[in-house]
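# Summary of the model geometry
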Amino acid sequence: MPPAVRLQQHSPDRVLVIEDDPSLAKFLRQFLEIEGFAAVTAANRDEIVTQLRRTPPPDLVLLDVMLPDVDGFNVLRKMREHPALRDVPVLMLTAKATRESVLKGLAGGANGYITKPFQPENLMAAIRTVLGRRDSPFEQRTGAQ
Amino acid sequence: MSDGGAAKQQLLREASQEFQAAMPARLRELSVSLQQWRDDGDENSGRSLLQMLHSIHGAAALFGMVEMGDVAGRGERLVRQIIEGRLPVTAQAWSELHDAVSRMRLLL
């Protein structure tokens, strides 16, 4: 069966982008959509709670560490305590590339850590690794190299 | 380049233009927060300043403003050190922060 037909039987993976910078959040959402994901964004505590209460939960969360009204590490901790969210993969996004913050994120149950500024392709590689995928859905659909 | 690659390049170009167009307003907000923090000692202004610098630091390089991101990153570290009490609030510290904002304005 051709890849395009095979893909039509699956919903795209849903990614929740938790990022307060509006330019970056919009860019990431649109970039993820080009890559074949379904992406939504949340910029503050209320929006995060709203998105994480939706069922089914997202397939992956990109989580900025520093948000205006909530600490990303606290969001991660709450997710890992919640039965419906504890297994959702989380990639932390941060400019704080200290050893302490990396260890804190990983000890808190993050599946990976991307330091800002990042290249979008590197982020996509990390997402695909966490989701156990080798190719982007776009490339699978079009057959492009 | 595949259609996906072209679409991603186009998206990055548009996002960069949008980010750069928003920078003057962001820098005005930065200046206001810095002024309020210095004049009133308002901790919320300090935290707003930290958040704004963090946002610019995280996004600027991606959108083609590498030096802007570097300057914002240095400002972010300085503000964090002050807020966390690891750096004394001195005239030199304020001067460095004002210089950072001025430098960012020159980079527009």
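Residues numbered from 1 in each chain as written. Chains lettered and ligands numbered in written order. Predicted model: local features only at pLDDT ≥ 70, side-chain atom pairs only at ≥ 80, totals over all residues. Heavy atoms only, no water.

On to the packing of aromatic side chains, then. Per the stated rule, a full pass over the model turns up four aromatic pairs over all chains. An aromatic cluster of three or more residues is present, and its members are Phe-27 and Phe-31 of chain A together with Phe-19 and Phe-63 of chain B. (Phe/Tyr/Trp six-rings, centres within 6.5 Å; stacked < 30°, edge-to-face > 60°.)

Averaged over every residue, the pLDDT of chain A is 85; residues scoring 70 or more account for 82%. Under a pLDDT of 50 for its full length, residues 136-145 of chain A has, in the predicted model, 18 contacts with residues more than four places off or in other chains. (pLDDT = per-residue confidence, 0-100. Contact = heavy atoms within 4.5 Å.)

Glancing now at the pattern of salt bridges. Tallied over the entire structure, the rule returns 14 salt bridges over all chains. A salt bridge links Arg-29 of chain A to Glu-33 of chain A, with the shortest nitrogen-to-oxygen separation between them at 3.5 Å. Here Arg-29 of chain A pairs with Glu-33 of chain A, and both are found in helix α2 (residues 22-34), just four residues apart, close to one helical turn. Linking Arg-47 of chain B and Glu-43 of chain B is a salt bridge whose minimum nitrogen-to-oxygen distance equals 3.4 Å. Note that Arg-47 of chain B and Glu-43 of chain B are positioned in helix α2 (residues 43-59) at a spacing of four residues, about one turn of the helix. With relative accessibility at 40%, the residue Arg-47 of chain B sits in the partly exposed group. (Salt bridge = Lys/Arg side-chain N within 4 Å of Asp/Glu carboxyl O. Helix = DSSP H or I, 4+ residues; strand = E, 2+ residues; numbered from the N terminus. Buried < 20%, exposed > 50% of the residue type's maximum accessible area, 1.4 Å probe, protein only.)

Here the focus is the interface of chain B and chain A. Counting residues at the interface gives 23 residues for chain B and 25 residues for chain A. If you sort the residues of chain B by the area they bury against chain A, Lys-8, Leu-11 and Leu-62 of chain B come out on top, with a joint share of 29%. Applying the counting criterion to the chain B and chain A interface returns four salt bridges. The residue Lys-8 of chain B makes a salt bridge to Glu-121 of chain A at a minimum N-O spacing of 3.4 Å. Applying the counting criterion to the chain B and chain A interface returns seven residue pairs in polar contact (both at pLDDT 80 or more). For the side of chain B that touches chain A, the secondary structure elements donating two or more residues are α1 (3-40), α2 and α3 (66-83) of chain B. By residue number, the principal contributor to the side of chain B that touches chain A is α1 of chain B, which donates ten residues. Of the residues assigned to the side of chain B that touches chain A, the class counts are ten nonpolar, seven polar and six charged. (Buried area = accessible area lost by both parts, 1.4 Å probe. Polar contact = N/O pair within 3.5 Å; in protein donor to acceptor, adjacent residues only side chain to side chain. Nonpolar A, V, L, I, M, F, W, Y, C, P; charged D, E, K, R; others polar.)

It is worth spelling out α2 of chain B at this point. In this model, α2 of chain B (17 residues) spans 25 Å end to end at C-alpha, consistent with the 24 Å of a helix rising 1.5 Å per residue. Here α2 of chain B lies mainly inside the structure; 13 of its 17 residues are buried. (Expected span 1.5 Å × (residues − 1).)

All names here are of chain A. In space, the five strands of this open sheet follow the order β2-β1-β3-β4-β5, with parallel pairing throughout. Of all strands in the sheet, those bounded by a partner on one side alone are β2 (38-42) and β5 (112-115). Each strand of the sheet is rotated relative to its neighbour by a mean of 20 degrees, with strand direction disregarded. Bridge count for strand β4 (residues 90-94) against β5 is four bridges, and the pairing is parallel. Within β5, the residue paired with Leu-91 across the bridge is Gly-112. Packing of helix α3 (residues 45-53) onto the sheet brings it into contact with β1 (14-18), β2 and β3 (60-64), and relative to β2 it is tilted by some 145 degrees. (Pairing = 2+ DSSP bridges. Axes fitted to C-alpha atoms, helices over the stretch in contact; angles between N-to-C directions.)

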